[in-house]
Amino acid sequence: MQMMRATFGLFIAAALCSPALLKATEAPVAERVAYRNSMGQTLVFDGAARFSRGPGKTSTVLRDCSDAYQWCLTDGHGFAFAYVRKCTDAGDEGWRNRLRFHSKVISALHDHVWMVFDESPNYLFHYRDKVGIVGIIVGATPSYDFRSLLHETGYRMFDYEPVEFKVVEGQALAPCSE
């Protein structure tokens with residue numbers, strides 16, 4: 001039954017993505033992944049139903065637009081994420097241009113990267129190589145734009161830690177592999 005549900009989910013995801021991205025090989029969303037911030041608010045990704053629930057937000061359908069090269073998730077309404085499936089591909093020339101959504105790296109430390117996407121500037125993703133999305137920081141207002149951090153001096157990434165949604169249930173989303 002679970003295999004049928006996963007297969008059906010892939011067919012639905014493929015139907016929702018553009019024709020160039022119909023090569024989805026594996027769903028990046030686990031059965032259930034929950035992220036929680038220090039204030040007790042929760043973001044939930046339900047792989048079977050593809051829903052994303054956030055603070056002050058109604059549920060939206062989360063589409064899998066992944067292909068053999070990248071993990072790709074979007075709700076088409078301001079939530080977008082894309083990253084390479086193989087960690088070594090992140091070092092290739094032009095790798096960001098091959099992703100469906102182009103990222104801007106705000107900060108990097110060892111195997112931790114904080115990135116924002118033009119298609120979802122209200123979200124700052126905390127990504128760890130080989131682990132996946134370990135945290136998501138949501139802008140304080142609907143119009144907040146994390147891309148502005150690229151132009152600021154003196155900000156500290158760790159100032160955002162109290163409002164970061166961290167994985168509390170399930171495996172982190174979209175891990176790259178060797």
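Below or above, wherever it landed, is the structure these notes cover. Being a predicted model, the structure only gives us computed values, none of them experimental.

## Let's talk about the overall build of the chain
(1) Moving on: Across its full length, the chain carries two helices and twelve strands.
(2) Moving on: When its helices and strands are written in sequence order, the chain yields α-β-β-β-β-β-β-β-α-β-β-β-β-β.
(3) Moving on: Out of the 178 residues in the chain, the part that is buried amounts to 42%.
(4) Moving on: Across the chain, the fraction of contacts at a sequence separation of at least 24, relative to all contacts at a separation of at least 6, is 49%.
(5) Moving on: Per element, the accessible surface of the chain, about 9,400 Å² overall, is 56% carbon and sulfur.

## Regarding the state of the cysteines
(1) Moving on: Applying the stated criterion to the full structure yields two disulfides.
(2) Moving on: Bridging Cys-65 to Cys-72, the disulfide has an S-S length of 2.0 Å. In this structure, the disulfide formed by Cys-65 and Cys-72 twists by about -70° around the S-S bond and is classed as left-handed.
(3) Moving on: By relative accessible area, Cys-65 is classed as buried at 1%.
(4) Moving on: Assessed through its relative accessible area of 0%, Cys-72 is described here as buried.

## Quick notes on the sheet that holds strand S7 (residues 80–84)
(1) Moving on: Pairing is antiparallel across the open sheet formed by three strands, whose spatial order is S5-S6-S7. Looking at strand neighbours, the two that pair on one side only are strand S5 (63–64) and S7, the edges of this open sheet.
(2) Moving on: For S5 and strand S6 (residues 70–74), the ladder comprises two bridges, and the chain directions are antiparallel. When the sheet's bridge partners are listed, Asp-64 is paired in S6 with Leu-73.

## Topic: the packing of aromatic side chains
(1) Moving on: Within this structure, the stated rule accounts for 13 aromatic pairs.
(2) Moving on: With 5.5 Å between their ring centres and 70° between their planes, Phe-81 and Phe-117 make a pair best called edge-to-face. You can see Phe-81 sitting in strand S7 and its partner Phe-117 sitting in strand S9 (residues 112–117), a full 36 residues away along the chain.
(3) Moving on: With a relative accessible area of 0%, Phe-81 lands in the buried category.
(4) Moving on: For Phe-117, a relative accessible area of 0% corresponds to the buried category.
(5) Moving on: Geometrically, the ring pair formed by Phe-81 and Tyr-127 is stacked, given 6.0 Å between the ring centres and 25° between the ring planes.

## Thoughts on the environment of Leu-149
(1) Moving on: Take Leu-149: it is sitting in the loop between strand S11 (132–138) and strand S12 (164–169).
(2) Moving on: In sequence terms Leu-149 and Ile-106 are 43 residues apart; their C-alpha atoms lie 6.8 Å from each other.
(3) Moving on: With residues near it in sequence (within four places) discarded, Leu-149 still touches Ile-106, Leu-124, Tyr-144, Tyr-155 and Tyr-160.

## Some words on the side chain of Arg-85
(1) Moving on: Locating Arg-85 in the fold gives a position in the loop between S7 and helix H2 (95–98).
(2) Moving on: Within the local environment of Arg-85, its side chain forms a polar contact with the backbone oxygen of Asp-67, the two atoms lying 2.6 Å apart.
(3) Moving on: Of note is the side chain of Arg-85, whose polar atom sits 3.5 Å from the backbone oxygen of Gln-70.

## So, the environment of Trp-95
(1) Moving on: Note that Trp-95 resides in helix H2.
(2) Moving on: Expressed as a C-alpha distance, the spacing of Trp-95 and Val-84, which sit eleven residues apart in the sequence, is 8.1 Å.
(3) Moving on: Leave out the neighbours within four places in its chain, and Trp-95 touches Tyr-69, Tyr-83, Val-84, Asp-89 and Ala-90.

## Here we look at the pattern of salt bridges
(1) Moving on: Within the structure shown, the criterion is met by seven salt bridges.
(2) Moving on: Put simply, Arg-128 and Asp-111 hold a salt bridge, and the shortest N to O gap is 3.4 Å. One end of the pair, Arg-128, is in strand S10 (residues 120–128); the other, Asp-111, is in the loop between strand S8 (103–109) and S9, and 17 residues separate them in sequence.
(3) Moving on: Overall, Arg-128 belongs to the partly exposed group, its relative accessible area being 28%.
(4) Moving on: Looking at Asp-111, the relative accessible area reads 28%, which means it is partly exposed.
(5) Moving on: Across the salt bridge formed by Glu-161 and Lys-166, the nearest N and O atoms sit 3.0 Å from each other.

About the cut-offs
- Residues numbered from 1 in each chain as written.
- Predicted model: local features only at pLDDT ≥ 70, side-chain atom pairs only at ≥ 80, totals over all residues.
- Heavy atoms only, no water.
- Helix = DSSP H or I, 4+ residues; strand = E, 2+ residues; numbered from the N terminus.
- Buried < 20%, exposed > 50% of the residue type's maximum accessible area, 1.4 Å probe, protein only.
- Contact = heavy atoms within 4.5 Å.
- Areas by Shrake-Rupley, 256 points an atom, 1.4 Å probe, with all protein chains shown as cover.
- Disulfide = S-S within 2.5 Å.
- Pairing = 2+ DSSP bridges.
- Phe/Tyr/Trp six-rings, centres within 6.5 Å; stacked < 30°, edge-to-face > 60°.
- Polar contact = N/O pair within 3.5 Å; in protein donor to acceptor, adjacent residues only side chain to side chain.
- Salt bridge = Lys/Arg side-chain N within 4 Å of Asp/Glu carboxyl O.

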